[in-house]
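Observations on the three-dimensional arrangement
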Amino acid sequence: MTADIESTGTDLLGILTELASPEGRADPYPVYRRLRALGPAVLDPTGTLLVSDYRLAAALIRDHRFVKRPEIALTAAGFENWRERPALRLMFTSMLVRNPPVHTRLRRSAAGAFTVRRVAGLRSAVERIVDDLIAELRAAGTADFIEAFAFPLPVTVIGELLGIPEPDRARFQLLVRHWTGVLDGLTPEIVDRADPAAVEIDAYFRDLLARRRRAPADDLMSALAQVDGLDDDEIVGTAALLLAAGFETTTGLLANGLVALLDHPAEAAALRERPELAAPATEELLRYDSPVQLLSSRTAPEELEVAGRVLPAGQRVVTLIGAANRDPAVFPDPDVLKLDRADEAPLSFGGGLHYCLGAPLARLEAQLAFPALLRAFPDLAITGPAVHREGLALHGLIELPIATT
């Protein structure tokens, strides 16, 4: 272990305490600067390596030699029988935390819905949804941006892909928020709240699967039902994960991105006037305030050398991609929003085997939504305090009051 990845002193404990506080979760970037000052990677009190350096983080998340071992954290948190808890079983047997060859099989079963060509074919449909939501915002004048736009846009898109009937979609906002809370913490309170949500999500998709087997449709659930070798648990787990990832992180991107744009009126004006900025602007908004701040731990199954660093067998690694996205060695003036940046790509969608399947779809939604909102509402303003989501792994807002005039 090299000297730049050794730190369990009082400085680190203070930083981690601040990062876990409501203020730190709402705005973790000043805390990340203090963490980075201790070195590109530090050992926390549990022996987990916390990585804030962009290049090391990029190398680690793309290194297929590391494996997911969620049972280590689950057992350490007191959930030795975690498969008996519905929320933990649904999350930690899903594609998100599986290793090859199971991960490969599960990912392949869903990948066809998210190809570049398939997503490009959704462009006109997404444009129509954006236009409809903007019309509703214009009629209302004031609204909660999450309820009126940032949630309905992605949930409509992923709902159509999965085959979830329109009247059923709104119910999942709170259910998914409670269920995915287990990614941020494994306390009894969080799991107790997540379990009923997971039971309802699981039951819904089992019912939908049964309906699609009786009467297939042109949707992903019907396609999953026809894949040889997938059992019902795997189909339901895949569908639930795609639903959660399909709107939860995109809702965060839309809300976090709008706040960043309104905080930087000159950049917002540039995007309003130059639609060709939509693609680089989306990358910069992903970098500036990523809806995913950290990737769950992976473990070195044997001694590994990564980016010149030797990690011992059994070393657990957590990549702080929110911190890596503001690494000044890679992104000059990292705390400044620059929509025309031409630096490295942000790590917000992960990388390697676990690169986000829905990344092209999230990008499309953001590239269409932000310019349209700014053109439609040049005087768009936040009218009250935003309410932040609890936890750090998934970083976003659950309330954002706005006025369009």
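Further up the page is the structure itself.
Now for a quick tour of the structure.

Rules used in this analysis
- Residues numbered from 1 in each chain as written.
- Predicted model: local features only at pLDDT ≥ 70, side-chain atom pairs only at ≥ 80, totals over all residues.
- Heavy atoms only, no water.
- Salt bridge = Lys/Arg side-chain N within 4 Å of Asp/Glu carboxyl O.
- Helix = DSSP H or I, 4+ residues; strand = E, 2+ residues; numbered from the N terminus.
- Buried < 20%, exposed > 50% of the residue type's maximum accessible area, 1.4 Å probe, protein only.
- Axes fitted to C-alpha atoms, helices over the stretch in contact; angles between N-to-C directions.
- Left-handed = near helix turned anticlockwise from the far one by under 90°.
- Contact = heavy atoms within 4.5 Å.
- Nonpolar A, V, L, I, M, F, W, Y, C, P; charged D, E, K, R; others polar.
- Pairing = 2+ DSSP bridges.
- Lys, Arg positive; Asp, Glu negative; His and termini not counted.

1. Let's talk about the pattern of salt bridges
- Taken as a whole, this structure holds 24 salt bridges when the rule is applied.
- Residue Arg105 pairs with Glu234 through a salt bridge whose shortest N-O separation is 2.8 Å. Of the two residues, Arg105 sits in helix α7 (residues 102–111) while Glu234 sits in helix α15 (residues 232–263), which places them 129 residues apart along the sequence.
- Note that Asp333 and Lys338 form a salt bridge whose closest N and O atoms lie 3.2 Å from each other.
- A residue is classified by how much of its surface remains accessible, and Lys338, at 27% relative accessible area, is partly exposed.

2. Things to note about the packing of α15 against helix α19 (residues 359–376)
- Closest axis-to-axis distance for the α15/α19 pair is 10 Å, and the angle between their directions is 35°. The two elements α15 and α19 meet at a crossing, and its hand is right-handed. Residues Thr250, Leu253, Leu254, Gly257, Leu258 and Leu261 of α15 lie in contact with α19, whose contacting residues are Ala362, Glu365, Ala366, Ala369, Phe370 and Leu374.
- Of the residues in the contact of α15 with α19, the class split is nine nonpolar, two polar and one charged.

3. Quick notes on the sheet that holds strand β7 (residues 316–319)
- Taken in spatial order, the four strands of this open sheet run β1-β2-β7-β4, and their pairing is mixed. The open sheet has two edge strands, β1 (41–43) and β4 (295–299), and neither has a second partner. Going across the sheet, the axis of each strand differs from the next one's by a mean of 25°, ignoring polarity.
- As paired strands, β1 and strand β2 (residues 49–51) are joined by three bridges and run antiparallel to one another. For Leu43, the partnering residue across the bridge sits in β2 and is Leu49.
- Strands β1, β2, β4 and β7 of the sheet are contacted by helix α4 (residues 54–61), whose axis makes an angle of about 120° with β7.

4. What about the pairing of β7?
- Relative to β7, β2 runs parallel, the two being bridged by three bridges. Its bridge partner lying in β7, Leu49 is registered against Val317.

5. Some points on the side chain of Glu365
- Within the secondary structure, Glu365 sits in helix α19.
- No salt bridge is formed by the buried Glu365. Its closest oppositely charged neighbour is Arg169, at 12 Å.
- Once you skip the residues sitting within four places of it in the chain, Glu365 turns out to touch Val126, Leu153, Pro154, Val157 and Thr250.

6. Re the sheet that holds strand β3 (residues 142–144)
- Reading across the sheet, the three strands line up as β3-β11-β8 and stay open at both edges, with antiparallel pairing between neighbours. Pairing within the sheet leaves two strands with one partner each, and these edge strands are β3 and β8 (381–382).
- Two strands pair when backbone bridges link them, and β8 and strand β11 (residues 401–403) are joined in this way by two bridges, in the antiparallel orientation. Along β11, the bridge assignment pairs Ile382 with Ile402.

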